[in-house]
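Each chain is listed here by its residues.
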Amino acid sequence: MIERLGLLIPASSESGDLGAVLSLLAAPLVMGVLASLWRPQHSWPVALLSLLPIATLALLAHQVLAADGQAWLIELGALTLHWRANGLTLLLLLLTQVVSLASAAYAPAYLRTEIGSHGGQVWLWPLQGLLLSSLSLIWLAGDLLSLYVGLELMGLAAVGLMLLPGRVDALAAGMRYLLLALVGSLAFLLGVSLLLGAWARLDLAGLAQVAEPGIVLWVSVALLSAGLLLKAAAFPLHAWLAPVHGSAWTPVSALHAALVVKGSFFIALQLWLVLVPDAQVAAWLVGAMGGTAVVWGGLLAWRSAKLKEVVAWSTVSQIGYLLLGFSLLIGTSPSVTAVAWEATWLQLAAHSLAKAGMFLATGNLIFSTGESHVKGLAGASRRMPLSLLSFGIAAISLIGLPPSAGFTAKWLLLHASLEAGYWLWMVALALGTLLSGAYIFRVFRYSFVEDAEPLDYRRVPWSMELFALLLALSSLLLGLVAEWPLSLLRPAGGGP
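To start, this report covers the structure provided alongside it. (Residues numbered from 1 in each chain as written. Predicted model: local features only at pLDDT ≥ 70, side-chain atom pairs only at ≥ 80, totals over all residues. Heavy atoms only, no water.)

This next bit is on the overall build of the chain. In terms of regular secondary structure, the chain is built from 19 helices and two strands. Compactness check: the chain gives a C-alpha radius of gyration of 22 Å against a globular reference of 23 Å for 496 residues, within 12% of the reference. Dimensions of the chain, computed from C-alpha atoms along their principal axes, come out at roughly 70 × 55 × 40 Å. By the burial criterion, 62% of the 496 residues in the chain qualify as buried. (Helix = DSSP H or I, 4+ residues; strand = E, 2+ residues; numbered from the N terminus. Rg over C-alpha atoms; globule rule 2.2 N^0.38 Å. Buried < 20%, exposed > 50% of the residue type's maximum accessible area, 1.4 Å probe, protein only.)

This is the structure we're talking about:
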């Protein structure tokens, strides 16, 4: 599977084609600093300026697809960084740009109407720019040093964003998140140190060739996995997730659930495919964690009283689907891995778009009604039809109903599980779908109560409604054009 990650692309130290990559990494930081100096009051300047990184990504995509992938060696004194770009990288970069653009364009009206003159506004933009740049570095990195830098910057930016509200509950949840993030980083760094001490190299392609099975390798993988799965809120290391989202600003929650936890998952799966590609039993145990997460996260979402907690706990369930990919990609037949590969990354993209759209729609509902509890939405269908529509469209993909990308991804997961003979995974998929429907329809049950006491509704700005709807529609429409992202995931030449 290492070739599918683009790690075997011949690298070059030529800097001619590196300009687009460096621009892609630097542009969000520059734009974030400028936005902190000139705080945008309307969404259209943010959306317009956010098209610049997308244009840079289009240039990079043209170069990468024309050459069936590109790789670069960056010399920094005694250090050599390994970066690469292929179809998977481009898909993740595009997903990051789309979600961050929608979140950034949603933010001006949200800050103006909901947050007011809060001093934390000035830090939103540079922290979001840092988060976007660090995620892009993670997708591009082909060595452990670059991955560690990207992971640390992503974690610090995420913690900073979660602390912005400044309330006691936000500070308590944010500091807990910071402590756990530091524990995860320490475990990751210890794992990297063991690998460096044993084999004296940090590039993933080189480690795939020289790393030998043994106690050092397994302790390293265990440390790396523990740190990354903690950051990804994977079951049973998920308890920190809902409190953090419960107090965060809405665009921050959308970014975190859609992208931040995916960055840690991406690194973990990549390291397993590189270092322990035949560890079937261990991968099956991670898959069992995923199956349990699907059910347990769905139950927590179904029982949650607050609307944001429903959406947050559903993330634990949806991450479980991704963890199933470990068991289907490692130690199985080529035909199973080919299907599971496409299913895993399509599920990641579908969930990112749907969850970001759902969090923005949830923020609109809370903003308009002033109610944070699910029961407080009674009668919202008459006054908030567009936000409920956005919530419902995003839910179609989370549940896995056709024609959404979530349906296609779960169908492929089901097909891979059936071919591999993993019947328990099929049961988990079925239960997860039923529980997703249960907690989603619970929200709509209260929203359509007609005899509720009238609430003092606030009008939601059009830009907040628009970008929530666009993200939700993207998760739905992605299923109609699923062949395009799936074609990016296939190796050159159409091999299995």
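That shown, we press on.
Another point: the packing of helix H10 (residues 250-275) against helix H12 (residues 307-329). How two helices pack is summed up by the angle between their axes together with the distance between the axes. For the pair H10 and H12, the least separation of the axes is 11 Å and the interaxial angle reads 15 degrees. What the angle tells us is that H10 and H12 run roughly parallel. Read as a crossing pair, H10 and H12 show a hand that is right-handed. Facing H10, whose interface residues are Thr-250, Ser-253, Ala-257, Val-261, Lys-262, Phe-265, Ala-268, Leu-269, Trp-272 and Leu-273, H12 presents Lys-308, Thr-315, Ile-319, Leu-322, Leu-323, Phe-326 and Leu-329. (Axes fitted to C-alpha atoms, helices over the stretch in contact; angles between N-to-C directions. Parallel < 35°, antiparallel > 145°, perpendicular 65-115°, else oblique. Left-handed = near helix turned anticlockwise from the far one by under 90°. Contact = heavy atoms within 4.5 Å.)

Counting across every chain of the model gives five salt bridges. The residue Asp-169 makes a salt bridge to Arg-167 at a minimum N-O spacing of 3.3 Å. Using a relative accessible area of 40% as the deciding quantity, one classes Asp-169 as partly exposed. For Glu-483, the salt bridge goes to Arg-490, with nearest N and O atoms at 2.5 Å. You can call Glu-483 partly exposed: its relative accessible area is 47%. Salt bridges sharing partners connect three or more residues here, namely Glu-342, Glu-483 and Arg-490. (Salt bridge = Lys/Arg side-chain N within 4 Å of Asp/Glu carboxyl O.)

Attention shifts here to the pairing of strand E1 (residues 70-76). One ladder, built from seven bridges, connects E1 with strand E2 (residues 79-85); its direction is antiparallel. Opposite Ala-71, over in E2, you have Arg-84 as the bridge partner. Turn length for the E1-E2 hairpin, with the two strands adjacent in sequence and antiparallel, is two residues, and the turn residue Gly-77 shows positive phi of about 65 degrees. (Pairing = 2+ DSSP bridges.)

With that settled, the discussion passes to the packing of aromatic side chains. In total, this model carries 14 aromatic pairs according to the counting rule given. Ring geometry for Trp-139 versus Phe-266: centroids 5.2 Å apart, planes at 80 degrees, classification edge-to-face. In this pair, Trp-139 is assigned in helix H4 (residues 121-140) and Phe-266 in helix H10, connecting sequence segments 127 residues apart. The burial state of Trp-139 is the same as that of Phe-266; both residues are buried. On the numbers, 6.0 Å between centres and 75 degrees between planes, the contact of Phe-265 with Phe-326 is edge-to-face. Taken together, the residues Phe-265 in helix H10 and Phe-326 in helix H12 connect sequence positions 61 residues apart. Take Phe-265: its relative accessible area is 1%, and that puts it in the buried class. For Phe-326, a relative accessible area of 2% gives the class buried. An aromatic cluster is present here, built from Trp-139, Phe-265, Phe-266, Trp-272, Phe-326, Trp-341 and Trp-345 joined pairwise through their rings. (Phe/Tyr/Trp six-rings, centres within 6.5 Å; stacked < 30°, edge-to-face > 60°.)

Time to look at the side chain of Thr-250. The residue Thr-250 is located in helix H10 in this model. Ignoring any residue separated from it by four or fewer positions in sequence, one finds Thr-250 in contact with Tyr-106, Tyr-110, Lys-308, Phe-359, Leu-360 and Gly-363.

Along the polypeptide, Thr-56 turns up in helix H2 (residues 43-66). Thr-56 gets classed as buried once you look at its relative accessible area, which sits at 18%. Apart from residues lying up to four places away in sequence, Thr-56 is in contact with Ala-20, Ser-23 and Leu-24.

Right, let's talk about the nonpolar core for a bit. Counting 178 residues, the largest nonpolar core has Leu-60 and Leu-275 as its most contacted members. Sort the elements by how many residues they give to this core and helix H13 (residues 334-369) lands first, with 19 residues. Excluding anything up to four places from it in sequence, Leu-275 contacts Leu-195, Leu-207, Ala-211, Leu-217, Val-221 and Leu-224. (Core = buried A, V, L, I, M, F, W, Y, C linked by side-chain atoms within 4.5 Å.)

What follows deals with a nonpolar patch on the surface. Together, Val-30, Val-33, Leu-34, Leu-37, Trp-38, Leu-49 and Leu-52 make up a nonpolar patch on the protein surface, roughly 740 Å² of accessible area in all. Within the residue set of the nonpolar patch, elements represented by two or more residues are helix H1 (18-37) and H2. Residue contributions to the nonpolar patch peak at four residues, all from H1. Here Leu-49 is to be found in helix H2. Residue classification places Leu-49 among the partly exposed positions, given a relative accessible area of 41%. (Patch = residues over 30% accessible without salt bridge, like charges linked within 9 Å, V, L, I, M, F, W, Y side chains within 5 Å. Areas by Shrake-Rupley, 256 points an atom, 1.4 Å probe, with all protein chains shown as cover.)

As a further point, take helix H11 (residues 280-303). Between its terminal C-alpha atoms H11 stretches 34 Å, which fits the 34 Å expected from 24 residues at 1.5 Å a residue. Of all the residues in H11, the buried ones are Ala-283, Val-286, Gly-287, Gly-290, Gly-291, Ala-293, Val-294, Gly-297, Gly-298, Leu-300 and Ala-301. The elements touched by buried residues of H11 are H10, H12 and helix H17 (423-447). (Expected span 1.5 Å × (residues − 1).)

Worth remembering: the numbers are spatial, not functional.
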